[in-house]
Amino acid sequence: MAEEVLIPSSGKITSQLTGSLLAVAFLTSLGSSMLYGYNLAVVNSPAVYIKDFYNQSVVNRNGTGLSEETLTLMYSLTVSVFAIGGLLGSVIVGILVTRFGRKGTVVNTTVLVFIASLLMGFSRICGSPEMIIVGRFITGIHSGISLSVVPMYLGEIAPKNLRGFLGLVPSIFIGTGVFTAQILGLHELLGKEEHWPLFLSVVAVPTFIQLMLLPWFPESPRYLLIEKHNVHATITALKWYRAKCDIQAEIEEMQEEQRSLSSVETLSVWKLFQDDTVRWQVLSVMVINIGMQLSGIDAIWFYTNDIFEDAGIPAPEIPYTTAGTGIIEIIAGLVGCFSIEKLGRRPLMIGGFTMMGICCGGITVSLILQAHIPFMRYVGVTCVVGIIAGFCIGPAGVPFLITAELFKQSHRPAAYIVGGSLNWLSNFTVGFVFPFLQMSAGSYSYLVFGTICLSVAAYVYVVIPETKNKTFMEISQMFTKKEAVPLTQGLIHVDQLKLKKMNGYGGMEHASLEFDSSSSVP
């Protein structure tokens, strides 16, 4: 059985992974995060068939077909409307998680997937391109909600020493979703022209599994105690997730946070921006979420086939080469998941973004020189694999985990709205603009992404502290120290500071600090 060890002298809690924690991480990621990855890649292989369907539908209605420019615009809209829906989903997630809870939001929003699947599945029978676009929009709403609520839910049910591991499970399923779309898109499976509606609508299957099983698991204990003030339900949920163990220390840590927030309601986005005590946290969430999407990964996923074609890969081999990259995604995600609690958050993000930046430069060089040096086409493919691996190791999942860790209960929903909105806006920008950027800048378009990746890596190195194995209160005090402690006192350890007067977030007012004279600086 899993055991939880309580050390009274330091208040540190170490928990082992239980079957309940693993099951919830699997179910929430299967029906939510996996769908996000699937929908990123699903429009890649049937692109020609979808464009033909669009053109034929317009011919049947008007008697004339679409111009090449209009057809490209409609397909770009089909790709990018997913991100518009995601933006809407990320905006409403704060309301949903406050009203329905973390698990409740995951369960209730499954209806969106079933509606979208029906629309896309019957679009060809109805001769309606609009049904595909609306279906993509609705799946985007679901993904926008899921990308925020799943890491929020897992971050709140996980003990601090497993928060990183569980927080990266969704990123593994994102990679699995992409890989599944690549495999099913092969001509031998659902890659034939007659199968593309089924290919788009198969997302209902994992969501159905989630809907059948997830309701049997408890809500987030932190949500139950801090927001619903239900101590009995909190204890029941903790016993479920921690097996038979002493949960008193964990409840006391939650109650400490609850007391610090006793006069603070859940903040709106506007109030979050007005709160000076969290300005570095907000800025950090903005930078890493924008950087996650403007890193160019969506350009790689949306247009993988085109990139490999430009790199000189023979057309019949492209689908299999693309599917091979999916294996890299899953392996890299597993490496990140199993190493984050040992290496920490910072190394995975810095290393991942740096690797992506270097590989973006490599793609540019390979595309420029491949006409003169045939070997460079393989360098280009290697760089594509490097970008995907670098992304899945850290930047794919750590930003969502960090968003949960940098904020306390009252600020967390608003922080997810900010991070999620910027994430999806950037996603839409890349998906819609990249084809035109590629036409105008050609091979040099990847240098833009490379510059952004290296800039984000530098920001993380300079600004964001390591949050590994720390409680939410400890992370809050790390940023409080950053804001309030004068530079001349920068060497004083945080354990030597006692906060005498705290505002709603844990920030000091009037620089009220009391030094523990019984401690000495080592």
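Source: prediction; values computed, not measured. Sequence positions are assigned chain by chain, starting from 1 and proceeding in written order. In view of the model being predicted, local features appear only for residues whose pLDDT reaches at least 70, and side-chain atom pairs are presented and counted only at 80 or more, with totals across whole chains, interfaces and linings using the full set of residues. Note that the side-chain values use all heavy atoms of the structure and ignore hydrogens as well as water.

K.L.:
Would you mind showing me how to read the confidence of the model for the chain here?
P.N.:
Interpreting fine coordinate detail is not advised for predicted regions of low pLDDT. When pLDDT is averaged along the chain, the result is 80; 84% of the residues meet or exceed 70. Residue range residues 1-13 is modelled with pLDDT below 50. Its contacts to residues more than four positions away, or to other chains, number 32 contacts. The predictor's confidence in any single residue is recorded as pLDDT, a number from 0 to 100. Residue contacts are counted whenever heavy atoms from the two residues lie within 4.5 Å of one another. Confidence drops under a pLDDT of 50 for residues 484-522, and excluding neighbours within four residues, the segment shows 59 contacts in the predicted structure.

K.L.:
What exactly am I supposed to notice about the packing of aromatic side chains here?
P.N.:
Here the distance between the centres and the angle between the planes together describe a pair of aromatic rings. Two aromatic rings, drawn from Phe, Tyr or Trp (for Trp, its six-membered ring), form a pair once their centres lie within 6.5 Å of each other, and the interplanar angle then sorts them: stacked below 30 degrees, edge-to-face above 60, tilted otherwise. Evaluation of the coordinates by the stated rule reveals ten aromatic pairs. Geometrically, the ring pair formed by tyrosine 36 and phenylalanine 82 is stacked, given 6.2 Å between the ring centres and 25° between the ring planes. Taken together, the residues span a long stretch of sequence, with tyrosine 36 in helix 1 (residues 19-41) and phenylalanine 82 in helix 3 (residues 68-100) at a distance of 46 residues. Only protein chains enter the area calculation, which uses a 1.4 Å probe; residues under 20% of their type maximum are buried, those over 50% are exposed, and those in between are partly exposed. Owing to a relative accessible area of 3%, tyrosine 36 belongs among the buried residues under this scheme. An angle of 75° between the planes, with centres 5.4 Å apart, marks the rings of phenylalanine 82 and tryptophan 424 as edge-to-face. Here phenylalanine 82 is found in helix 3, whereas its partner tryptophan 424 is found in helix 22 (residues 412-441), with 342 residues between them in sequence. Each member of the pair, phenylalanine 82 as well as tryptophan 424, is classed as buried. What links up through ring pairs into an aromatic cluster is the set Tyr36, Phe82 and Trp424. For helices the rule is a DSSP run of H or I covering at least 4 residues; for strands it is a run of E covering at least 2, with both sets numbered from the N terminus onward.

K.L.:
Looking at this structure, how should I read helix 21 (residues 398-405)?
P.N.:
Three- or four-residue spacings in an α-helix give side chains the same orientation, since the helix completes a turn every 3.6 residues. In terms of residue burial, helix 21 counts as a mostly covered element, since eight of its eight residues are buried. Those residues of helix 21 not exposed but buried are Val398, Pro399, Phe400, Leu401, Ile402, Thr403, Ala404 and Glu405.

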